[in-house]
Amino acid sequence: MFAAMRSDRMQAVHLFADEQTGLEAIIAIHNTRLGPALGGCRYMPYATTEQAVADAIRLARGMSYKAALAGLEQGGGKAVILRPAHVPNRAALFEAFGRCIESLRGGYITAVDSGTSPEDMDCIAQQTGHVTSTTQAGDPSPHTALGVLMGIRSVARAKLGRDDLSGVRIMLQGLGNVGYALAELLVAEGADLLVSDLDAGKVRLAVDELGVKPVAADAVYESPCDIFVPCGLGGVLDSHTINRLRCAAVAGAANNQLVDRDAADLLDARGILYAPDYVINAGGLLYVALTHRGVAAGDIAQRVKLIGARLDSIFAQSIAEGRSPAEIADHQAEAILYGD
Ligand code: NAD
């Protein structure tokens, strides 16, 4: 564990157990140079505790990078609760977790992530104020969608020489909370929008309500377009899918779109501009962090809109230095976090 902490430059990993509720939890704090660590709480079964710790460490590091490039005075952290086979009282389990967070005295602020809900955050809020994304706080997805729209505009400027999206052909994969809100924004911008989702009902709704064109889920990669926008699951871009792409750029909300760093190099080699996922999808984090600080909605939207300017700078530096945008983004984040 210490080797993993060293290689990811982790600040601290806290382990918690509560006999009464069966809680077993990990809170990983990557870096608090910019402010208290903020990051979601996962609730899922793991084969081993080591895998859960490794997941928390990897995800916490990602949150530091995302917060740094979003211009937030916020560090990176992540929590993992190991889901027991049998949970007699879910509310009590999350309340116990709230007491764990409270014991860190504000060093870590939690939020919704895979397997947790705003209702779980309400239970945590019974025990600590260091919690966001409660039922009262509101859904961050529309803010993520707004940030992605800004990123798509940046990509269109850099790659297509376009200041607007009118007639720009966009292939949107995934019509969930973020994808559907983004589809509405793109249609309002006059984009020529193609959509796909594994859920036929969501596709039908988008076709009926927004007048977009449907594409079969297994045909999205070779579907000719200007910009491919992944808003479904992560891990969609590997050598196999990248070689099928017939687009000029990739710019979407999904987390961890690239399977590895080689995927960034392959996109670069194919001349496909890639908007680093943790930069373009930071709108939700901005919303969660800034609402927690009591910032007004209008001011939050202005901060989300700065995602476009951040990507402009990453693309300009990428061209100037002949390195991929993914590498430049990491480099910019590390300069902020460590002064490297
Ligand atoms: P969601 O679960 O609401 O929606 C995901 C949608 O993608 C679903 O409709 C699902 O059917 C569809 N999908 C999954 N695999 C697909 C495939 N292969 N082809 C077509 N459709 C597919 O999730 P969401 O909240 O909209 O988030 C979307 C992505 O953005 C996720 O990767 C998430 O981690 C990331 N993200 C979300 C937020 C946020 O604010 N919600 C913030 C940052 C990043």
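Conventions adopted
- Residues numbered from 1 in each chain as written.
- Predicted model: local features only at pLDDT ≥ 70, side-chain atom pairs only at ≥ 80, totals over all residues.
- Heavy atoms only, no water.
- UniProt positions renumbered as here; feature names shortened; annotations may be inferred.
- Near = heavy atom within 4 Å.
- Polar contact = N/O pair within 3.5 Å; in protein donor to acceptor, adjacent residues only side chain to side chain.
- Areas by Shrake-Rupley, 256 points an atom, 1.4 Å probe, with all protein chains shown as cover.
- Helix = DSSP H or I, 4+ residues; strand = E, 2+ residues; numbered from the N terminus.
- Nonpolar A, V, L, I, M, F, W, Y, C, P; charged D, E, K, R; others polar.
- Buried < 20%, exposed > 50% of the residue type's maximum accessible area, 1.4 Å probe, protein only.
- Contact = heavy atoms within 4.5 Å.
- Patch = residues over 30% accessible without salt bridge, like charges linked within 9 Å, V, L, I, M, F, W, Y side chains within 5 Å.
- Salt bridge = Lys/Arg side-chain N within 4 Å of Asp/Glu carboxyl O.
- Lys, Arg positive; Asp, Glu negative; His and termini not counted.
- Charge placed at Lys NZ, Arg CZ, Asp CG, Glu CD.
- Phe/Tyr/Trp six-rings, centres within 6.5 Å; stacked < 30°, edge-to-face > 60°.
- Lys NZ or Arg CZ within 6 Å of the ring centre and 35° of its normal.
- Pairing = 2+ DSSP bridges.
- Axes fitted to C-alpha atoms, helices over the stretch in contact; angles between N-to-C directions.
- Expected span 1.5 Å × (residues − 1).

As recorded in an unreviewed UniProt entry, the protein goes by Glu/Leu/Phe/Val dehydrogenase and comes from Halopseudomonas laoshanensis. The Function (unreviewed entry) field of the UniProt record for the protein holds the comment "Catalyzes the reversible oxidative deamination of glutamate to alpha-ketoglutarate and ammonia." According to the UniProt record, the Sequence similarities (unreviewed entry) comment for the protein reads "Belongs to the Glu/Leu/Phe/Val dehydrogenases family."

### Comments concerning the site of the ligand
If you check the shell around the ligand, you find 20 residues, and the closest are Thr144, Val178, Asp197, Lys202 and Gly232. Within the backbone of asparagine 177, one N or O atom sits 3.0 Å away from an oxygen atom of the ligand. For the ligand, whose unbound accessible area comes to 830 Å², protein coverage reaches 74%. Elements represented by at least two residues in the shell around the ligand include exactly helix H5 (141–160) and helix H6 (177–188). Looking at the shell around the ligand residue by residue, the classes come out as 8 nonpolar, 10 polar and 2 charged.

### As for the side chain of threonine 132
By the secondary structure assignment, threonine 132 is in the loop between helix H4 (118–125) and H5. Judged by relative accessible area, which is 4%, threonine 132 ranks as buried. Residues contacting threonine 132, with those up to four places away along its chain left out, are Leu38, Ile109, Thr110, Ala111, Met121, Val288 and His292.

### Comments concerning a negative patch on the surface
On the surface, a cluster of negative charge is contributed by Asp260, Asp262, Asp265 and Asp268. Aspartate 268 gets classed as partly exposed once you look at its relative accessible area, which sits at 36%.

### Here's the deal with the packing of aromatic side chains
For the structure shown, the criterion picks out 3 aromatic pairs. Centre to centre, the rings of tyrosine 43 and phenylalanine 94 are 5.2 Å apart; their planes meet at 65°, and the pair counts as edge-to-face. Of this pair, tyrosine 43 sits in strand E3 (residues 37–44) while phenylalanine 94 sits in helix H3 (residues 90–103), placing them 51 residues apart in sequence. The residues tyrosine 43 and phenylalanine 94 share a single accessibility class, namely buried. It is arginine 9 that lies over the ring of tyrosine 338; its NZ or CZ is 3.6 Å from the centre.

### Some remarks on the sheet that holds strand E4 (residues 75–82)
Within the open sheet, the 5 strands sit side by side as E1-E2-E4-E3-E5. Their pairing is mixed. Looking at which strands have only one partner, the edges of the open sheet turn out to be strand E1 (12–18) and strand E5 (108–112). Put simply, the sheet's adjacent strands are angled 25° from each other on average, direction ignored. For strand E2 (residues 23–31) and E4, the ladder comprises 6 bridges, and the chain directions are antiparallel. Within E4, the residue paired with isoleucine 29 across the bridge is glycine 77.

### With respect to the sheet that holds strand E9 (residues 227–230)
Spatially, 6 strands are ordered E8-E7-E6-E9-E10-E11 in an open sheet, and the strand pairing comes out parallel. Of all the strands in the sheet, the pair left with one neighbour each is strand E8 (213–214) and strand E11 (273–274). Relative to strand E10 (residues 249–250), E9 is paired through 2 bridges, and the arrangement is parallel. Paired with isoleucine 227 across the strands is alanine 249, a residue of E10. Relative to the sheet, H5 contacts strand E6 (169–173), E9, E10 and E11, its axis offset from that of E9 by approximately 155°.

### Examining helix H2 (residues 49–69)
Helix length check: H2 (21 residues) gives 31 Å between terminal C-alpha atoms against 30 Å at 1.5 Å per residue, within 8%. Of the residues flanking the end of H2, it is glycine 71, one or two places downstream, whose phi is positive at about 75°.

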